[in-house]
Amino acid sequence: MTGSVASVSAGAFERITRRRGRVRGRRQTSWALVALFVGPSLALYVLFMIVPFIGTLQLSLSAWDGFAPEKTPVGLANYQALLGDEDFWRALSNNVVWAVIGTAAPIAIGLALAIVLWSGAGFRTGFRAIYFLPVILPVVVIGLVWGWIYNPLFGVLNTALEAVGLDDWSRGWLGDPDTALVAVLIAAIWSTFGFCVVMFLAGLQGIDLNLVDAAKVDGANAWQRFRHVLLPGIAPVFTFVLTITLVGAFSVFDIVYVMTRGGPGTATETMAGYAYKMAFNRNFAGYGSAISMVIAIISLVLAVALLRFRERGRTR
Amino acid sequence: MKRLSALSITAVLAIAACGGGSGPPTQRPASVAPPASHAGQASQDPAATASTAPTGPVEITWLVGIAEDPDIDKQAQAQVQEFNDSHPNIQVKREALDNDQLRTILQTRIGAGDVDLFGGDTGPGFGGVYAKAGLLADLAPAYEKYGWETFDWAKARCTYAGVLSCVPGAVEEVGIYYNKTMFDEKSFEEPQTLEEFRTIMDAFKADGVTPLAFGNQPQWPAGHQFSMTLSNIVGREGLDEKLYGDSPWNDEDTVKAIDIYFREFQEAGYFPRDPNAVTYEDANALFYAGKAAMVPTGTWLVAEITDNTDFEVGFFPFPSIDGSKIAPPAGLGGGSFVAANSDNKDAAFEFLDWLLSDEVTKKWSLPVFNTIPAQPVDTTGVEVSPLFQQVLDDLAESSGETSDFGYNIDVLTPAGFNEQMFTGFQEVLNGTITPQEQADALQEEYQKAKAAGETLERP
């Protein structure tokens, strides 16, 4: 009895050991696969995102001119200084304007055009390519082209206005503090809406047409079908596009720099442009880093808030 | 082409030596081709200098601001190639970048030991900062070894905390180029007073021609215009007092200098419409196309103007304001620095010596780049364009005394002050702020910089 028990136990142990060995082997294999697939991208992410982020954070807590070998720790002094810096608040307010108009406009235009294309408009592929073209153009090119359009000496906008008798409306669009920010924003919207079109169109193509037909049968009008069928259907894409454009609005730099350098005066200065000027033109690298951290924090908060908003919508 | 007399250029340079002290702003290419000639003890023959080259091939990296005119930049590259061909042991790799880009990457590149030689402004906002950080090599031994005869005033601009740290670039002046054909058609002479200047501009405006092609979209050109009016009103001594902190930047004279150019001229319609939206290049193009009678800028543009115009061009300094002396802003157009951590300092010094040689000056600096050296030079036999000759003559005529030169302010003032100049003058042009408010803001920035030890100290 004892012997049989012992032999059964030994057999069971052997089977268990073999099974555990296979499980361990599978686990080892899966960890190796994880390391193989995730490792390189993780390493790159750490190297080019996390390390610079930590470096910027450290810099933001120091006084450094960008040249001296030593950096003087100053705690939160740079952040405290930001609170009383009128130029920073002006730049932030420009970013807020940018976030509102620069997010709403391309999304609205992009969504409308995507729906038109999705509804069966002809030459869908051609239009999609045309709309997407500005997205692949370098920002410098976009800035230069729109700069020519707005040029007070030979720009087509003023020429067109004068041709139709609206001489009083013609002006140096980028040199007038009342119009410069909007003028740059229009160029930015032009460069962004194509991205929204393509993303929304991709989202719309994933919607089950039976749902739309069912809504029609139930008597839903166009707005109701959009509000209760299409919009929920593209909610993940919508949140993604909203997040990308909103975060981009708070870190915008290149197109402003190319078109106005933040001018006239500080009329189109944004936080990123102000950070650049502080860090590289005025040699306040620590202060510039603090501004960069503020941009990062705002972007992070917005991104997390939007994602949580989306998740909450899903659970409902 | 006129032949440039050795006497005239030596006189100009000697006078500039006494009076100068500035150059173009940081946003402008500062050193397409560094300094020009020297008549000292340095080796005159490029082949001879090769004999003193370090053993083994050495590559030195030279970072400079890119030239505004692509053709001139190509010529600068060809000049380097000539050095490389004649010096097989030293190969210079010239990297020409937009000046903003240069400022952004320079510190990182130097930190990585990737730069041996670089160009930039000699003022406290650039050279002074690099020197303070210990990033510049001491060039005194090279000056001694090669016998560079740089003017003392120019060397003073390259000296930080007693250490001679750069080789001065060209001498430059800010003034007004004009279309001689247009002037002749109206029988206008070069204006000597502000009233005459206004009369001329009013006449061109009445004809539908832009009187003064001033484009201020990049912001830095305003600093030059301010330098012209303020230099005339307060003279060199008055500017010295402001630069050294003995006199405020928000006094009556400064406000007047701002008011004349940025409010009165703007309201009178002397500029292209909305100058804040007009780029420097577009403003120059207006002049080249004959749509503007004059363009206010510096002598660094002589070569480009010569290349781009098919009419005769003249040059005059900003005229007298209410009986003031004419004190055109003039001085150094940047300098060349050797990185303290360079492993190839000797090779860099040798390259600088080659650039400073008489042969290179006669072949490249004067006739091709139209740059005026910051040291005595024998220019016998050098041919220059009529416009460049006039620039030299103008410098010579207007500089009988040391006090006859003003300063290009932004080269000598700290970064925060310059930033206020650039953004503030746009706002004055727009009418967003008054000249007095801009002057007050300049004074505030100057005080901040002085408290931080960033302003010039009296030698």
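Keep in mind it's a predicted model, so treat the numbers as computed, not measured. Per chain, residue numbering runs from 1 following the sequence as it is written. Throughout, the order in which chains and ligands are written sets their labels, letters from A for the former and numbers from 1 for the latter. In view of the model being predicted, local features appear only for residues whose pLDDT reaches at least 70, and side-chain atom pairs are presented and counted only at 80 or more, with totals across whole chains, interfaces and linings using the full set of residues.

1. A word on the overall build of chain A
Counting secondary structure elements, chain A contains 13 helices and two strands. Residue burial is a threshold on neighbouring C-beta atoms within 10 Å of the residue's own C-beta, all placed from the backbone, with 20 or more meaning buried, 12 or fewer meaning exposed, and counts in between meaning partly exposed. Within chain A, buried positions represent 34% of all 316 residues. Whether two residues are in contact depends on their C-beta atoms, placed from the backbone: they are in contact if these lie within 7 Å. The contacts in chain A between residues at least 6 apart in sequence include a share of 69% that link residues at least 24 apart. A run of H or I in DSSP becomes a helix once it reaches four residues, and a run of E becomes a strand once it reaches two; helices and strands are each numbered from the N terminus.

2. Observations regarding the overall build of chain B
What chain B contains, in helices and strands, is 19 helices and 14 strands. Across the 459 residues that make up chain B, the buried fraction comes to 57%. Counting only contacts in chain B whose residues sit at least 6 apart along the sequence, the fraction spanning at least 24 positions is 86%.

3. With respect to the domain arrangement of chain B
Residue and element names in this part refer to chain B. How far each domain reaches was decided by an automatic or database domain assignment. Partitioning chain B into domains gives domain 1 (31-170 + 333-381) and domain 2 (172-330 + 405-451). Placing the centre of domain 1 and that of domain 2 at their C-alpha centroids yields a distance of 30 Å. If you look at the interface, domain 1 gives 13 residues, while domain 2 gives 11 residues. In terms of residue class, the side of domain 1 that touches domain 2 is made up of four nonpolar, five polar and four charged. Asp, Glu, Lys and Arg are counted as charged, while Ala, Val, Leu, Ile, Met, Phe, Trp, Tyr, Cys and Pro are counted as nonpolar; the rest, among them Gly, fall into the polar class.

4. Topic: the sheet that holds strand β3 (residues 90-97) of chain B
For sheets, the rule is that strands pair by backbone hydrogen bonds, running either parallel or antiparallel. Residue and element names in this part refer to chain B. Pairing is mixed across the open sheet formed by five strands, whose spatial order is β3-β2-β4-β13-β7. What marks the edges here is a single partner per strand, and that holds for β3 and β7 (166-168). The mean angle between the axes of side-by-side strands here comes to 20 degrees, regardless of whether they run parallel or antiparallel. For two strands to be treated as a pair, DSSP must find no fewer than two bridges joining them. Bridge analysis of strand β2 (residues 58-65) against strand β4 (residues 117-120) gives two bridges, and the strand direction is parallel. Note that in β4 the partner of L63 across the bridge is F118. Every axis in this analysis is a line fitted to C-alpha atoms, fitted for helices over the stretch in contact. Angles between the N-to-C directions lie between 0 and 180 degrees.

5. Considering the confidence of the model for chain B
Residues and elements named next belong to chain B. Of the residues in chain B, 85% reach a pLDDT of 70 or more, and the chain-wide mean stands at 85. Every residue carries a pLDDT, the predictor's confidence in it, which falls somewhere between 0 and 100. Across residues 1-53 the pLDDT falls below 50, and counting only partners more than four positions away or on other chains, this stretch makes 207 contacts in the model. In the model, residues 398-402 has pLDDT below 50 throughout and makes 11 contacts with residues more than four positions away in sequence or in other chains.

6. Structural notes on the environment of L117 of chain B
All names here are of chain B. Relative to the assigned elements, L117 resides in strand β4. Taking the number of C-beta atoms within 10 Å as the measure of exposure, L117 has 28 and is therefore buried. In this structure, the C-alpha to C-alpha distance between L117 and L366, residues 249 residues apart in sequence, is 22 Å. Residue contacts for L117: discarding those within four places in its chain leaves I60, W62, S336, V338, A348 and F351.

7. Observations regarding unusual backbone geometry
Excluding glycine, a negative phi dihedral is what most residues carry, and trans is how most peptide bonds are arranged. Following G263 of chain A, the chain continues to P264 of chain A via a peptide bond in cis, the omega torsion being 0 degrees. Summarising the element assignment, P264 of chain A is placed in the loop between α11 (254-259) and α12 (271-281).

8. Focus on the interface of chain A and chain B
Counting residues at the interface gives 26 residues for chain A and 28 residues for chain B. Among the elements that make up the side of chain A that touches chain B, the one with the highest residue count is α12 of chain A (three residues). Residues that form the side of chain A that touches chain B fall into these classes: 11 nonpolar, nine polar and six charged.

9. Here we look at the pairing of β3 of chain B
As paired elements, β2 of chain B and β3 of chain B share eight bridges and run parallel to each other. Bridging across to β3 of chain B, E59 of chain B finds its partner in Q91 of chain B.

10. Digging into the environment of K450 of chain B
All names here are of chain B. Inspection of the secondary structure assignment puts K450 in helix α19 (residues 435-451). Since 16 C-beta atoms lie within 10 Å of it, K450 is described here as partly exposed. A sequence separation of 206 residues divides K450 from Y244, and the C-alpha atoms of the two residues are 9.1 Å apart. Beyond its immediate sequence surroundings of up to four residues, K450 is in contact with G245 and T455.

11. Some words on the nonpolar core
Inside soluble globular proteins, nonpolar side chains tend to come together where they are buried. Note on terminology: a nonpolar core is any set of buried Ala, Val, Leu, Ile, Met, Phe, Trp, Tyr and Cys residues joined through C-beta atoms within 7 Å. By size, the foremost hydrophobic cluster in this structure holds 192 residues, and its most contacted members are V184 and I291 of chain A together with F351 of chain B. Counting residues per element, this core draws most heavily on helix α7 (residues 180-204) of chain A, at 16 residues. Other than its neighbours up to four places away in sequence, F351 of chain B contacts I60, F83, I90, V92 and L117 of chain B.

12. Side note on the confidence of the model for chain A
All names here are of chain A. The predicted model of chain A averages 89 in pLDDT, with 90% of residues at 70 or higher. By mean pLDDT, helix α1 (residues 2-60) is the weakest element of chain A at 75, and helix α2 (residues 77-83) is the strongest at 96. Contacts from residues 1-8, a stretch scored under 50 in pLDDT, to residues over four places away or in other chains number zero contacts.

13. Notes on α19 of chain B
Residue and element names in this part refer to chain B. Multiplying 1.5 Å by the residue count of a helix minus one yields the expected span of that helix. Helix length check: α19, at 17 residues, gives a terminal C-alpha distance of 24 Å against a target of 24 Å (1.5 Å per residue), a fit within 8%. Of the positions making up α19, those classed as buried are P435, Q438, A439, L442, E445, Y446 and A449. Buried residues of α19, viewed axially, fall in a sector of 125 degrees; they line one side. Against α11 (252-268) and α18 (415-430) lie the buried residues of α19. Where α19 ends, the next residue or the one after it, G453, has phi of about 70 degrees, a positive value. Working note: the arc is built from the helix axis to C-beta atom directions.

14. What to know about the pairing of strand β8 (residues 171-179) of chain B
Residue and element names in this part refer to chain B. Summarising burial for β8: nine of the nine residues are buried, a large majority. In the sheet, β8 pairs with strand β12 (residues 330-332) via three bridges, with the strands oriented antiparallel. Directly across from V171, in β12, lies its bridge partner L332. Across five bridges, the pairing between β8 and strand β10 (residues 292-298) is antiparallel. Bridge pairing in β10 places Y177 opposite V295. Sheet analysis places β8 next to strand β11 (residues 313-316), joined by four bridges and oriented antiparallel.

15. Examining the environment of S292 of chain A
Residue and element names in this part refer to chain A. Secondary-structure assignment places S292 in helix α13 (residues 285-315). Note: C-alpha distance between S292 and L157 (135 residues apart in sequence) is 35 Å. Aside from chain neighbours lying at most four places away, what touches S292 is T56 and A275.

16. Here we look at the packing of α11 of chain B against α18 of chain B
Two numbers describe a pair of packed helices, the interaxial angle and the distance between the axes. All names here are of chain B. At their nearest, the axes of α11 and α18 sit 8 Å apart, and the two run at 40 degrees to each other. Relative to α18, the element α11 is oriented oblique. Regarding α11 and α18, the two cross each other, and that crossing is right-handed. Residues I258, F262, R263 and Q266 of α11 touch α18, and the partners they reach there are F425, V428 and L429. Tallied by class, residues from the contact of α11 with α18 come to five nonpolar, one polar and one charged. What sets the label is the angle itself: under 35 degrees gives roughly parallel, over 145 gives roughly antiparallel, 65 to 115 gives roughly perpendicular, and the rest give oblique. Two helices that cross are described as forming a left-handed crossing if the nearer one is turned anticlockwise from the farther one by less than a right angle, and a right-handed crossing if clockwise.

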